[in-house]
Amino acid sequence: MNAIIALCHFCEVHGPGAIFCTQTLRETNIQQLDISFNIDRKGCSACNSIGNNVGLVSRDPESNANFVSSQIPIVVRGTPVKGNCLVSNLKKFLPEAMYKLVRVHAETYTSANEFRIINLKQEAIAPHSSSSIMRVDLVDDQNKDTVAVCAWEGELPNKLPSLLQKIVKAIDEELFNDHALDKHLRVLVEEWKNKVVCIRKVSSNQDVAKIKKIMGVQPQDQVLINYWYNHL
């Protein structure tokens, strides 16, 4: 069977991470894989002690197994059209400045420290769902219709952020066609992006509280404000 062995460490600044991984690929044509070791990894010198561009492909003739080693696991590259469509639509809920957090088509799974939305081929190695990872599998049912199977171990807040409430209301609006809905979503996202930008311009906590009140920012919006604040 295929397996992955990883050498990991815990950085006091950046948390846990893999320093080096070796993946076994049996009955795989290594020539058909798109393998790249030139990946820009974030972190300190300890997190990248092996180096960003270091990789090794070896072969055991007795077991007919290939071994791919690098700082992250390697998976097979594909063209997941349905996944691309879903991820492209999810990007519409983010400001353009945060598109850098989306990987529309990933050749390998990369940690959430680099991307927040990652599109992987169904055959690729993917992490299990957890409180910090939502996994969405696009599968075909008996009628060949695509079904999104979502798995997440976390819990939604009692009251959703105002932006999400408006997005849900807009999607449910029957009078909106696709073009009108797309334009309306862009307006909503741009509105909240500008609110975050305004908050970043204010220095004192007292002034921040005042400007939040002026812009109608509610307590349930703080999670979104904090997240966008750190990535815009």
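Fair warning: this is a prediction, and the values are worked out from it, not measured in the lab.

### What about the overall build of the protein?
For step 1, the next point in the chain: Counting its secondary structure elements, the protein contains five helices and eight strands.
For step 2, the next point in the chain: Counting from the amino terminus, the protein carries its helices and strands in the arrangement β-β-β-β-α-β-β-β-β-α-α-α-α.
For step 3, the next point in the chain: Expressed as a percentage of the 232 residues in the protein, the buried residues total 30%.
For step 4, the next point in the chain: Roughly 15300 Å² of accessible area belongs to the protein as shown, and the carbon and sulfur atoms make up 53% of that amount.

### As for the pattern of salt bridges
For step 1, the next point in the chain: Evaluation of the coordinates by the stated rule reveals four salt bridges.
For step 2, the next point in the chain: Within this structure, Lys92, Asp182 and Arg186 form a network of salt bridges that share partners.

### A word on the confidence of the model for the protein
For step 1, the next point in the chain: With 67% of its residues at a pLDDT of 70 or more, the protein has an overall mean of 75.
For step 2, the next point in the chain: Low pLDDT, under 50, characterises residues 32–40; the stretch is placed with 26 contacts to residues that sit more than four places away or in other chains.
For step 3, the next point in the chain: Below pLDDT 50 for its whole length, residues 72–79 participates in 31 contacts with residues either more than four positions away or in separate chains.

### Here we look at the packing of helix α3 (residues 178–200) against helix α5 (residues 222–231)
For step 1, the next point in the chain: Between α3 and α5, the shortest axis-to-axis distance is 10 Å and the interhelical angle comes to 75°. In terms of orientation, α3 and α5 fall into the roughly perpendicular class. Each of Val189, Trp192, Lys193, Val196, Ile199 and Arg200 in α3 lies in contact with α5, whose residues at this interface are Leu224, Ile225, Trp228 and Tyr229.
For step 2, the next point in the chain: Considering only residue class, the contact of α3 with α5 consists of eight nonpolar, no polar and two charged.

### Some points on the packing of aromatic side chains
For step 1, the next point in the chain: Summed over the entire model, instances satisfying the criterion amount to zero aromatic pairs.
For step 2, the next point in the chain: We note Arg200 situated over the ring of Tyr229; from NZ or CZ to the ring centre the distance is 5.3 Å.

### A few points about α3
Three or four residues apart is the spacing at which side chains of an α-helix point the same way, because the helix has 3.6 residues per turn.
For step 1, the next point in the chain: Compared with the 33 Å implied by 1.5 Å per residue over 23 residues, the 33 Å span of α3 between its first and last C-alpha is a close match.
For step 2, the next point in the chain: Listed as buried for α3 are Leu181, Asp182, Leu185, Leu188, Val189, Trp192, Lys195, Val196 and Ile199.
For step 3, the next point in the chain: Residues of α3 that are buried in the fold lie against α2 (162–172), α4 (205–215) and α5.
For step 4, the next point in the chain: The N-capping residue of α3, defined by a side-chain oxygen 3.2 Å from the backbone nitrogen of His179, is Asn177.

### Thoughts on the pairing of strand β7 (residues 135–140)
Strand residues, when the strand is regular, have side chains that alternate between the two faces of the sheet.
For step 1, the next point in the chain: Note that β7 and strand β8 (residues 146–151) share six bridges and pair antiparallel. Across the sheet, residue Val136 finds its bridge partner in β8, namely Cys150.
For step 2, the next point in the chain: Between the end of β7 and the start of β8, which pair antiparallel, lie five residues, with Lys144 showing a positive phi angle near 65°.

### Side note on the nonpolar core
For step 1, the next point in the chain: Leu163, Trp192, Ile199, Ile225 and Trp228 are the most contacted members of the largest nonpolar core, which totals 22 residues.
For step 2, the next point in the chain: Per-element accounting of this core gives the leading share, seven residues, to α3.
For step 3, the next point in the chain: When residues no more than four places from it in sequence are discounted, the contact partners of Ile199 are Val208, Ile211, Lys212, Met215, Ile225 and Tyr229.

### Concerning the side chain of Lys212
For step 1, the next point in the chain: With respect to the helices and strands, Lys212 occurs in helix α4.
For step 2, the next point in the chain: Asp221 is the oppositely charged side chain nearest to the buried, salt-bridge-free Lys212, at an N-O distance of 9.4 Å.
For step 3, the next point in the chain: For Lys212, the residues in contact, after removing those within four places along its chain, are Ile199, Val217 and Gln222.

### Points about a nonpolar patch on the surface
For step 1, the next point in the chain: A cluster of nonpolar side chains, Leu86, Leu90, Met134, Val136, Trp152 and Leu156, forms an exposed patch at the surface whose accessible area comes to about 520 Å².
For step 2, the next point in the chain: Mapped onto the fold, Leu86 is located in helix α1 (residues 81–91).
For step 3, the next point in the chain: Residue classification places Leu86 among the partly exposed residues on the basis of a relative accessible area of 31%.

### Considering the environment of Pro157
For step 1, the next point in the chain: Its place among the elements puts Pro157 in the loop between β8 and α2.
For step 2, the next point in the chain: Given the relative accessible area of 46%, Pro157 is considered partly exposed.
For step 3, the next point in the chain: Each C-alpha atom, one on Pro157 and one on Val223, is 10.0 Å from the other, the two residues being 66 residues apart in sequence.

### Here we look at the environment of Ile211
For step 1, the next point in the chain: Along the chain, Ile211 turns up in helix α4.
For step 2, the next point in the chain: Along the primary structure Ile211 and Lys195 are separated by 16 residues, whereas in three dimensions their C-alpha atoms are 9.0 Å apart.
For step 3, the next point in the chain: Not counting the four nearest positions on each side in its chain, Ile211 is found in contact with Cys198, Ile199 and Val202.

Quick notes on the rules
- Residues numbered from 1 in each chain as written.
- Predicted model: local features only at pLDDT ≥ 70, side-chain atom pairs only at ≥ 80, totals over all residues.
- Heavy atoms only, no water.
- Helix = DSSP H or I, 4+ residues; strand = E, 2+ residues; numbered from the N terminus.
- Buried < 20%, exposed > 50% of the residue type's maximum accessible area, 1.4 Å probe, protein only.
- Areas by Shrake-Rupley, 256 points an atom, 1.4 Å probe, with all protein chains shown as cover.
- Salt bridge = Lys/Arg side-chain N within 4 Å of Asp/Glu carboxyl O.
- pLDDT = per-residue confidence, 0-100.
- Contact = heavy atoms within 4.5 Å.
- Axes fitted to C-alpha atoms, helices over the stretch in contact; angles between N-to-C directions.
- Parallel < 35°, antiparallel > 145°, perpendicular 65-115°, else oblique.
- Nonpolar A, V, L, I, M, F, W, Y, C, P; charged D, E, K, R; others polar.
- Phe/Tyr/Trp six-rings, centres within 6.5 Å; stacked < 30°, edge-to-face > 60°.
- Lys NZ or Arg CZ within 6 Å of the ring centre and 35° of its normal.
- Expected span 1.5 Å × (residues − 1).
- Polar contact = N/O pair within 3.5 Å; in protein donor to acceptor, adjacent residues only side chain to side chain.
- Pairing = 2+ DSSP bridges.
- Core = buried A, V, L, I, M, F, W, Y, C linked by side-chain atoms within 4.5 Å.
- Lys, Arg positive; Asp, Glu negative; His and termini not counted.
- Patch = residues over 30% accessible without salt bridge, like charges linked within 9 Å, V, L, I, M, F, W, Y side chains within 5 Å.

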